[in-house]
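Report on the structure
In case you want the letters, here they are:
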Amino acid sequence: MAKLIYSMIMSVDGFVSDRDGNFGWGAPEEESHRFMNDRMREFGTYLYGRKMYEVMSYWETADALPDQPDFMVDCARIWQAADKVVYSTTLDEVTTGRTRLERTFDPEAIRKLKAESDRDLTVDGPDLASQAIRAGLVDEFQLIIGPAIVGGGHRFFASDIRADLNLLDMRRFDNGVAFLRYAVAP
């Protein structure tokens, strides 16, 4: 059975974007990007809300941009090879390959997808992830913590989320980014 993993870049004070929706302070450099590429290779399916899908759809054509470093081309190809499910009531259509649109988040459908998948899934975006956490679907958290305090914005965890966790792994990068990997405690 596959695991459902919630993983995103966040600030030290727990935000995935600041009050203005900016997240450039979290852009990875080469070392941490290569590490994240290796993590992304483990996922067979990405679960997105509309906003996160719109941000991530950049990777659909990023490998064709001139002068892209090889680790960016690698990231684009990893993303393109994975299945994507976008949950949105406002999006008219999806514009990327291997992508389907769902109008509602159905926890039972995710349980079935986990049971049938041979590769892990990731849920990306704090709003969709909160629904998955509340439904007891998330097995693991992978926090990529950027060296910034942004003072407010969109939180990685909703204020009502509670869970006991077991630390599985951690890594520090030269640019000050830290990676923490936790399993949900039984």
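Calculation rules
Per chain, residue numbering runs from 1 following the sequence as it is written. In keeping with the predicted nature of the model, local features appear solely for residues at pLDDT of at least 70, side-chain atom pairs appear and are counted solely at 80 or more, and the whole-chain, interface and lining totals rest on all residues. Neither water nor hydrogens contribute to the side-chain values; these are computed over all heavy atoms in the structure. By convention in these notes, a salt bridge is any Lys or Arg side-chain nitrogen within 4 Å of a carboxyl oxygen on Asp or Glu. Labels follow the DSSP assignment, with helices taken as runs of H or I lasting at least four residues and strands as runs of E lasting at least two, numbered in each case from the N terminus. Three labels apply to residues, based on accessible area from a 1.4 Å probe with only protein chains included: buried if under 20% of the type maximum, exposed if over 50%, partly exposed otherwise in between.

Let us look at the pattern of salt bridges. Proximity of charged atoms lets side chains of opposite charge pair with each other. Tallied over the full model, the rule gives 17 salt bridges. Here arginine 41 and aspartate 74 are joined by a salt bridge, their closest N and O atoms 2.9 Å apart. Highlighted residues: arginine 41 in the loop between α1 (30-40) and β3 (43-49) and aspartate 74 in helix α3 (residues 70-81), separated in sequence by 33 residues. A residue is classified by how much of its surface remains accessible, and aspartate 74, at 26% relative accessible area, is partly exposed. In this structure, arginine 77 engages aspartate 63 in a salt bridge whose closest nitrogen and oxygen atoms are separated by 3.6 Å. Of this pair, arginine 77 sits in helix α3 while aspartate 63 sits in the loop between α2 (50-56) and α3, and the two are 14 residues apart along the sequence. Ionic contacts of the salt-bridge type, sharing partners, join the residues Lys3, Asp120, Glu140 and Arg181 into one network.

Purely spatial values, then, with no claim about function.
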